[in-house]
Amino acid sequence: MYLPPHDPHVNDPMRFKPLFRIHLMERKAATVECMYGHKGPHHGHIQIVKKDEFSTKCNQTDHHRMSGGRQEEFRTWLREEWGRTLEDIFHEHMQELILMKFIYTSQYDNCLTYRRIYLPPSRPDDLIKPGLFKGTYGSHGLEIVMLSFHGRRARGTKITGDPNIPAGQQTTVEIDLRHQIQLPDLENQRNFNELSRIVLEVRESSRKGGYEAGEGHGRQGLRESQPSPAQPRAEAPSRGPDGTPAEDGGEPGDAAAAAEQPSQSGQGQPFVLPVGVSSRNEDYPRTCRMCFYGTGLIAGHGFTSPERTPGVFILFDEDRFGFVWLELKSFSLYSRVQATFRNADAPSPQAFDEMLKNIQSLTS
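How each quantity is defined
Residues numbered from 1 in each chain as written. Predicted model: local features only at pLDDT ≥ 70, side-chain atom pairs only at ≥ 80, totals over all residues. Heavy atoms only, no water. Core = buried A, V, L, I, M, F, W, Y, C linked by side-chain atoms within 4.5 Å. Buried < 20%, exposed > 50% of the residue type's maximum accessible area, 1.4 Å probe, protein only. Helix = DSSP H or I, 4+ residues; strand = E, 2+ residues; numbered from the N terminus. Contact = heavy atoms within 4.5 Å. Expected span 1.5 Å × (residues − 1). pLDDT = per-residue confidence, 0-100.

1. With respect to the nonpolar core
Here is step 1 of the chain: Within the largest apolar cluster, 24 residues are counted, with the highest numbers of intra-cluster contacts made by Ile-181, Phe-271, Val-312, Ile-314, Val-324 and Phe-331.
Here is step 2 of the chain: In terms of residue count, helix α4 (residues 192-207) provides more of this core than any other element does, five residues in total.
Here is step 3 of the chain: Every residue in contact with Val-324, bar those within four places of it in the chain, is listed here: Leu-195, Leu-273, Pro-310, Gly-311, Val-312, Ile-314, Ser-330 and Phe-331.
Here is step 4 of the chain: By size, the runner-up hydrophobic cluster in this structure holds 20 residues, among which are Ile-175, Met-290, Phe-313 and Phe-323.

2. A closer look at helix α1 (residues 69-82)
Here is step 1 of the chain: Along its 14 residues, α1 runs 20 Å from first to last C-alpha, staying within 8% of the 20 Å computed at 1.5 Å per residue.
Here is step 2 of the chain: Within α1, the full set of buried residues consists of Glu-73, Phe-74, Thr-76, Trp-77, Leu-78, Glu-81 and Trp-82.
Here is step 3 of the chain: Where α1 terminates, the next one or two residues include Gly-83, which has phi positive at roughly 65 degrees.

3. Quick look at the confidence of the model for the chain
Here is step 1 of the chain: Residues of the chain with pLDDT of at least 70 account for 76%, and the chain-wide mean is 78.
Here is step 2 of the chain: When mean pLDDT is taken per element in the chain, strand β15 (residues 287-288) scores highest with 95 and helix α5 (residues 253-265) scores lowest with 47.
Here is step 3 of the chain: Within the model, the stretch residues 222-252 combines pLDDT values under 50 with 70 contacts to residues more than four positions away or in other chains.
Here is step 4 of the chain: Note on residues 257-266: pLDDT is under 50 here. Beyond four places in sequence and across chains, it has 21 contacts.

As structure tokens, then:
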């Protein structure tokens, strides 16, 4: 099991925890051992369900229990999973969320089902290289998100979930690469109302059918992504995996070319969070390459009353991006997972899209 680093250290490496192991014996025999718990390896079982899916089951679940009962198990889990003690957590809402996660995960520690995950395919005109990212999600701690590109949109799909948004729900964040946002100067960036005004103007413009060149939004606000002189616009239209025009039309290379502009000039745009916007990690970059309009998925416990709300996608560099959730007045920082996974590339774009549909259907 690959676990994210302890909250809020989003730039730290992933953690590794063995869950089971298989011993190959003579005459094609094999034994399976469960590695969960603190009493050492013990007898388990593995079953191939179907292609790209298998299950493990522990046959000695008493090895998962601790002599001090559930309280000791909870404190040990809290120290290992969160790097904290119960006394460190003062916020009542955060205590509730952590306890919910412990109860849920400990219920299913004896039988687990595994399904294959493909890494997203990469194209030269993507804004940045797609892949897995660690992200801060407020009181939920760090979660893993898969960033992928689909024509003129980018999507972040949760690979790990929480009591509000389960894993596989597409999409936790969605970025409209047609609608770039020009941030104001630093003084006005600190004004939350000013940022909200700019973002809501962009949202209204996108609802009316998109931005037309020549429409005024003042000095700050919406601007179309334009290719730099060194990155001429592609002549052929972007195509989807089935040969049809890519979603929303247009050339995704426009955004990728625009992303090159700050790096070519050697300068990034200064960036600071508005006053009143909370962030689990204050050590976020203070310059960014570019920003886009996006939406984030929020919901109540148990994925009740889900809705998409406006926000800002901030591209910092090749390995880090952020998202400002306007309605929550919250900021998520994402850092690329640097671990290498063998044999994880999708055999085709169609296979990747099918995988996204499958993991979403499991949580619907």
